[in-house]
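Coordinate inspection notes
Letter by letter, the chains look like this.
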Amino acid sequence: MKRISHVAILGAGVIGASWAALFLASGRSVSVFDPDTDSEGSVRAYIEKAWPALEKLGLVDRAQPDALSFANTAAKAVEEADFVQENVPERLPVKHATYREIEAALKQDTIVSSSTSGLTLEALQDGWKDPACFLLGHPFNPPHLIPLVELTANSRTGANVLERAETFYQDVGKVTIRINKGMPGHVANRLQAAVWREAIYMAIEGVASVEDIDKAMWAGPGLRWASMGPTMLFHLGAGEGGLRSFCEHFKDTFNGWWDDLGDPRLDDQIVEQLVAGLEEQACGQTPEDLSRVRDKMLVAIQTATRDLR
């Protein structure tokens, strides 16, 4: 299988810049396009800040931090690319226009992967004359720190494209999952949405403060979920009987909880209540301050558990 050595980034916001840092760390050269004329400075600044974390995670053994270039069009950015990571805004007309621009400029066998978090593969394929080179490769933010990539392909995806993309992502340090049936939000975002919906419901019902609900997550199941998923953890929670025993013992309990879960809808009043609770929890720290703490924790968790995976 031909090695992917040059990657193009289309869209250089925080997702695109984070991808660029990771791909450079893996020893690839990277070309970037973004219509914002100030994007080069912001991308270089992001990579500089991200690099120490990549070093701590042991992801820079093959690094080429200077192998970075910027193109003035999307077509120019992809000309020599073996792999394209598309991160343009989540609007179908914008994505379709991008695909129309780059399709004729792609080399044979180049893979194009979209970071879309909410749009379906089928809807995006409509922007291509031939979508055989195209699939979804949805990361979790920030991509250079969170290993997950959710991959979606279908019958219109070319032979071996999914397998080649999976191999490439794994080579740069990602953990991949295959989504067999496309749904809005994919897998991880739907899990997040389900948990957050109940967190919001408990907050507006006065069960606990926004801060304490968040605390219940990071000090409780969040710690366990950082090691294993919920189904495996419940399997372990039943001892020798495993998951079957757990379900037999707790099925009525969980059915009762599920029947009692809330179904809130974000409106202005709920948003104000959440924001007020968040501001109390933040204690004056800026998003940048909190992001630095988050990133240090993510690095520490992955460093501590790396040899156990």
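Figured I'd write up the structure that's included with this text. (Residues numbered from 1 in each chain as written. Predicted model: local features only at pLDDT ≥ 70, side-chain atom pairs only at ≥ 80, totals over all residues. Heavy atoms only, no water.)

**Overview of the pattern of salt bridges**
Scanning the entire structure with this criterion turns up 14 salt bridges. Among the ionic pairs, Glu86 bridges to Lys95, the shortest N-O distance being 2.4 Å. Residues Glu86 and Lys95 agree in their burial class; the two are buried. In this structure, Arg294 engages Asp295 in a salt bridge whose closest nitrogen and oxygen atoms are separated by 2.8 Å. Of the residues examined, Arg294 reaches a relative accessible area of 35% and is grouped as partly exposed. It is possible to trace a salt-bridge network through shared partners that takes in Arg28, Arg62 and Asp171. (Salt bridge = Lys/Arg side-chain N within 4 Å of Asp/Glu carboxyl O. Buried < 20%, exposed > 50% of the residue type's maximum accessible area, 1.4 Å probe, protein only.)

**Section: the packing of aromatic side chains**
Applying the stated criterion across every chain yields a total of 15 aromatic pairs. Taking 5.1 Å as the distance between ring centres and 55 degrees as the angle between the ring planes, the aromatic pair formed by Tyr99 and Phe134 counts as tilted. On the criterion of sequence distance, the pair formed by Tyr99 in helix 4 (residues 92-102) and Phe134 in strand 6 (residues 134-139) is long-range, its members being 35 residues apart. This pair shows no difference in class: Tyr99 is buried, exactly as Phe134 is. Centroid distance Phe246 to Phe254: 5.9 Å. Interplanar angle 55 degrees. Geometry classified as tilted. (Phe/Tyr/Trp six-rings, centres within 6.5 Å; stacked < 30°, edge-to-face > 60°. Helix = DSSP H or I, 4+ residues; strand = E, 2+ residues; numbered from the N terminus.)

**Focus on the nonpolar core**
Within soluble globular proteins, side chains that are nonpolar generally end up buried alongside one another. Within the largest apolar cluster, 32 residues are counted, with the highest numbers of intra-cluster contacts made by Phe23, Val30, Ile47, Phe83, Phe168 and Tyr169. Put simply, the parts of the chain that give this core at least two residues each are strand 1 (6-10), helix 1 (14-25), strand 2 (29-33), helix 2 (39-56), strand 7 (148-152) and helix 6 (161-171). Looking at which element gives the most residues to this core, the answer is helix 1, with eight residues. Not counting chain neighbours up to four residues away, the residues in contact with Phe168 comprise Ile4, Val7, Phe23, Arg28 and Phe83. (Core = buried A, V, L, I, M, F, W, Y, C linked by side-chain atoms within 4.5 Å. Contact = heavy atoms within 4.5 Å.)

**Here's the deal with a nonpolar patch on the surface**
On the surface, a cluster of nonpolar side chains totalling about 360 Å² of accessible area is made up of Trp196, Leu266, Val271 and Val275. Considering the arrangement of structural elements, one finds Val271 in helix 12 (residues 268-282). (Patch = residues over 30% accessible without salt bridge, like charges linked within 9 Å, V, L, I, M, F, W, Y side chains within 5 Å. Areas by Shrake-Rupley, 256 points an atom, 1.4 Å probe, with all protein chains shown as cover.)

**Quick look at unusual backbone geometry**
Here the residue pair Asn141 and Pro142 is connected by a cis peptide bond, since its omega of 0 degrees sits within 30 degrees of zero. With respect to the helices and strands, Pro142 occurs in the loop between strand 6 and strand 7. Although it is not a glycine, His186 sits at a positive phi angle of roughly 60 degrees. For His186, the position within the fold is in the loop between strand 8 (175-179) and helix 7 (188-204).

**Concerning the sheet that holds strand 5 (residues 111-114)**
Here eight strands make up an open sheet; going across it, the order is 3-2-1-4-5-6-7-8 and the pairing mixed. Each edge of the open sheet is held by one strand with a lone partner, namely strand 3 (68-70) and strand 8. With direction set aside, neighbouring strand axes in the sheet form an average angle of 25 degrees. Judged from the four bridges that link them, strand 4 (residues 83-86) and strand 5 form a sheet pairing that is parallel. For Gln85, the partnering residue across the bridge sits in strand 5 and is Ser113. Strands in contact with helix 1 are strand 1, strand 2, strand 3, strand 4, strand 6 and strand 7; relative to strand 1, the strand with the most contacts, it is inclined by about 170 degrees. (Pairing = 2+ DSSP bridges. Axes fitted to C-alpha atoms, helices over the stretch in contact; angles between N-to-C directions.)

**Re the environment of Val7**
Checked against the element boundaries, Val7 lands in strand 1. The class of Val7 is buried, set by a relative accessible area of 0%. Each C-alpha atom, one on Val7 and one on Tyr169, is 12 Å from the other, the two residues being 162 residues apart in sequence. Filtering out sequence-adjacent residues up to four positions away, Val7 remains in contact with Phe23, Arg28, Ser29, Val30, Ser31, Ala81, Phe83 and Phe168.

**Some thoughts on helix 4**
For helix 4, every residue scored as buried is listed here: Lys95, His96, Thr98, Tyr99 and Ile102. Each buried residue of helix 4 sits inside an arc of 160 degrees when the element is viewed along its axis, so together they form one side. Across from the buried face of helix 4, at angles greater than 90 degrees, the exposed residues are Pro93 and Arg100. Here the buried face of helix 4 lies against strand 1, helix 3 (74-78), strand 4, strand 5, helix 5 (121-125) and strand 6. (Arc of directions from axis to C-beta.)

**Quick word on the packing of helix 7 against helix 12**
The contact between helix 7 and helix 12 brings their axes to 11 Å, and the two run at 90 degrees. It follows that helix 7 is roughly perpendicular to helix 12 by the angle criterion. For the pair helix 7 and helix 12, the contacting residues are Trp196, Ile200, Ala203 and Ile204 in the first and Ile270, Gln273 and Leu274 in the second. (Parallel < 35°, antiparallel > 145°, perpendicular 65-115°, else oblique.)

**What about the pairing of strand 5?**
Residues Ile111 and Ser113 point to one face of strand 5 and Val112 and Ser114 to the other, with burial holding for every one of them. In this view, the connection linking strand 4 to its parallel neighbour strand 5 by way of helix 4 has right-handed handedness. Taken together, the three bridges between strand 5 and strand 6 define a ladder with parallel strand orientation. Directly across from Val112, in strand 6, lies its bridge partner Phe134. (Right-handed = clockwise from strand over helix to strand, strands pointing away.)

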